[in-house]
Amino acid sequence: MAETNLWDERDLTDEQKLFKNSILKWAERNLPLDRVIKMNRDGSPFPADIIKGLADLGVIMGTVPKERGGLGLRWSDQALISEVIGYIDPSIATAAGFMAVGTGWGFTIDRYANEEIREKFIKPAIRGEKYVGIATTEPGGGSDVSNFKCTGRKEGDEWVLNGEKTFISGVQEAKNIGGGYWVNVRTGPKIPEAPHKNMTAFFVPIDSEGLTPAEPYNNAGRNAISTGGFIMEDVRVPEEHMLGEEGKGFYQTMEGFDNARILIGASAVGVTRRILEEAADYIKERHTFGRPLAKYEGIQFEFVERYMEMEASNLMVKKVAVMQDVRYDEEGWSARTGKAKTYSPKEIAKWISMVKYKTPHLAKDTADDAMHWLGAAGYSSEFIFETAWRGVMSYCVGAEGGANIQKIVIGRETLGADYLPYR
Ligand SMILES: Cc1cc2nc3c(=O)[nH]c(=O)nc-3n(C[C@H](O)[C@H](O)[C@H](O)COP(=O)(O)OP(=O)(O)OC[C@H]3O[C@@H](n4cnc5c(N)ncnc54)[C@H](O)[C@@H]3O)c2cc1C
């Protein structure tokens, strides 16, 4: 671990301190930076011992209620856990696979699934024995839901699913250890003025007959977790695999994105914190012209700028986690009707989009700065910076929603829906 400690523990609860310290202790033994770098160099699938280790720590899907196998954690707690995970693995592979996707979406699947899916998939995923994720993106694009082409038709008491999903996290891991996906398909005619309607979510096991996983992609970064896709040819799932209500999949999906994006934001703050700590150690140690690099304003002031932005982002993440806690605390809240007492879902979405936009960009830019501060050493894979840069870039370009899409949400909630660019 880095020697510089930029982490103020005083605003953590006792439980959060316990989580933070036990994860850091576990990581010191099992996931030191040189292993993170090696995992990213060697590529997926994600090492089974790390999945099991995270599960044993109780950090996968901690927000699932206790009576259903989780720890019943608050989003504020799970966000802190994600921050620690981003800190120990700045390539963001662990945060991507098991926090944003596994936990954000696992929690949301659990909310809408029946007992059988909970028993067969969610509880084992919490124990690190299965992988669950989200499959919404299609070859025609991820941002524009009106272009989604996957379909579902009802035959007796089964649904028959067809189409292709692409750029899906964890397909190899799910194939290896078992699991499945929240899959969105169109189950009714496309309504041109409301293309988000008539979408329905199903839970689709990865080993379903008619489902063929694609070869994983060679990505620029976060290589320790696979990104792939699958084709569905007459995949049959029972009626009970429908998640939530028929035709309401879009609203429920937005809820899942909200959950995942909070954890991405928290992870990206953790990445930024680690980059700053590692860089601080180096610039205090390295001398040029008889002085440490940290004394030069050209470096120190850039460092300070990033530190301020990190703490501001941290506060923003804390705020959205609290908003989400309030939302789930309020009885009668519903993704479909948008009913809520304190914060409206659109207001929460605005804050979450600010977090989803700002935090990965900050982590990427901080990694970029750190590479400059270190000179040639910063460009080397001996240090974590280039691995981190390539990893967090996945969240700048698209994973869990494109950057401009976040700006569209923020614009809609600040300037008004009349100024939506696509209408
Ligand atoms: C590493 C990785 C892992 C992923 N894992 C998953 C996963 O597990 N499950 C899953 O379903 N998807 C996953 N995705 C896909 C991700 O959800 C999509 O990348 C995202 O939704 C954007 O879709 P797209 O890449 O098709 O870009 P497009 O929708 O084609 O957009 C391209 C660019 O145009 C911008 N843009 C689009 N529309 C507008 C507009 N109206 N105005 C201005 N700009 C616009 C976007 O911001 C983006 O920058 C993953 C992606 C990556 C990179």
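Residue indices begin from 1 for each chain and proceed along its sequence in written order. The predicted origin of the model limits local features to residues at a pLDDT of at least 70 and limits the giving and counting of side-chain atom pairs to 80 or more, whereas totals for whole chains, interfaces and linings rest on all residues.

To continue, consider the site of the ligand. Using the backbone to place each C-beta atom, any residue with that atom within 6 Å of a molecule or strand is considered near it. The immediate surroundings of the ligand are formed by 26 residues, with Gly142, Ser143, Gly398, Gly402 and Asn404 found nearest. The set of elements that each furnish at least two residues to the shell around the ligand consists of strand S1 (131-135), strand S3 (158-169), helix H12 (385-397) and helix H13 (403-415). Split by residue class, the shell around the ligand holds 11 nonpolar, 14 polar and one charged. Residue-level mapping places the shell around the ligand at the junction of two domains, with at least three residues from each of domain 2 (133-243) and domain 3 (249-419). Labels follow the DSSP assignment, with helices taken as runs of H or I lasting at least four residues and strands as runs of E lasting at least two, numbered in each case from the N terminus. Classification used: nonpolar for Ala, Val, Leu, Ile, Met, Phe, Trp, Tyr, Cys and Pro, charged for Asp, Glu, Lys and Arg, polar for all others including Gly. Where each domain starts and ends follows an automatic or database-derived domain assignment.

What follows deals with the packing of helix H5 (residues 93-112) against helix H6 (residues 115-126). What describes two packed helices is the angle between their axes and the distance between those same axes. Two elements in contact, H5 and H6, have axes whose closest approach is 11 Å; the angle formed by their N-to-C orientations is 155°. One finds that H5 runs roughly antiparallel with respect to H6. Pair H5 / H6 crosses with left-handed handedness. Contacts from Gly102, Gly106, Ile109 and Asp110 in H5 reach Arg118, Ile122 and Ala125 in H6. Residue composition of the contact of H5 with H6, grouped by class: three nonpolar, two polar and two charged. Only the stretch in contact is used when fitting a helix axis, every axis being a line fitted to C-alpha atoms; angles between N-to-C directions are given from 0 to 180 degrees. Put simply, angles under 35 degrees are roughly parallel, angles over 145 are roughly antiparallel, angles from 65 to 115 are roughly perpendicular, and the rest are oblique. Crossings are classed by handedness, with left-handed meaning an anticlockwise turn of the near helix from the far one by less than a right angle and right-handed meaning a clockwise turn. In this description, a residue-residue contact is defined by the distance between C-beta atoms placed from the backbone, which must lie within 7 Å.

Note on terminology: a nonpolar core is any set of buried Ala, Val, Leu, Ile, Met, Phe, Trp, Tyr and Cys residues joined through C-beta atoms within 7 Å. Whether a residue is buried, exposed or partly exposed is read from the other C-beta atoms within 10 Å of its own C-beta, which are placed from the backbone; 20 or more gives buried, 12 or fewer gives exposed, and intermediate counts give partly exposed. In this structure, Leu161, Trp182, Phe202 and Val392 are the most contacted members of the largest nonpolar core, which totals 121 residues. Examining the composition of this core, we find that 17 residues originate from one element, helix H8 (residues 249-285), more than from any other.

Take Leu71: it is sitting in the loop between helix H3 (48-57) and helix H4 (75-88). Overall, Leu71 belongs to the partly exposed group, with 19 C-beta atoms counted inside 10 Å. Distance in space between the C-alpha atoms of Leu71 and Gly265 is 21 Å, their sequence separation being 194 residues. Ignoring anything within four residues of it in the chain, the contact list for Leu71 reads Gly58, Gly62 and Lys66.

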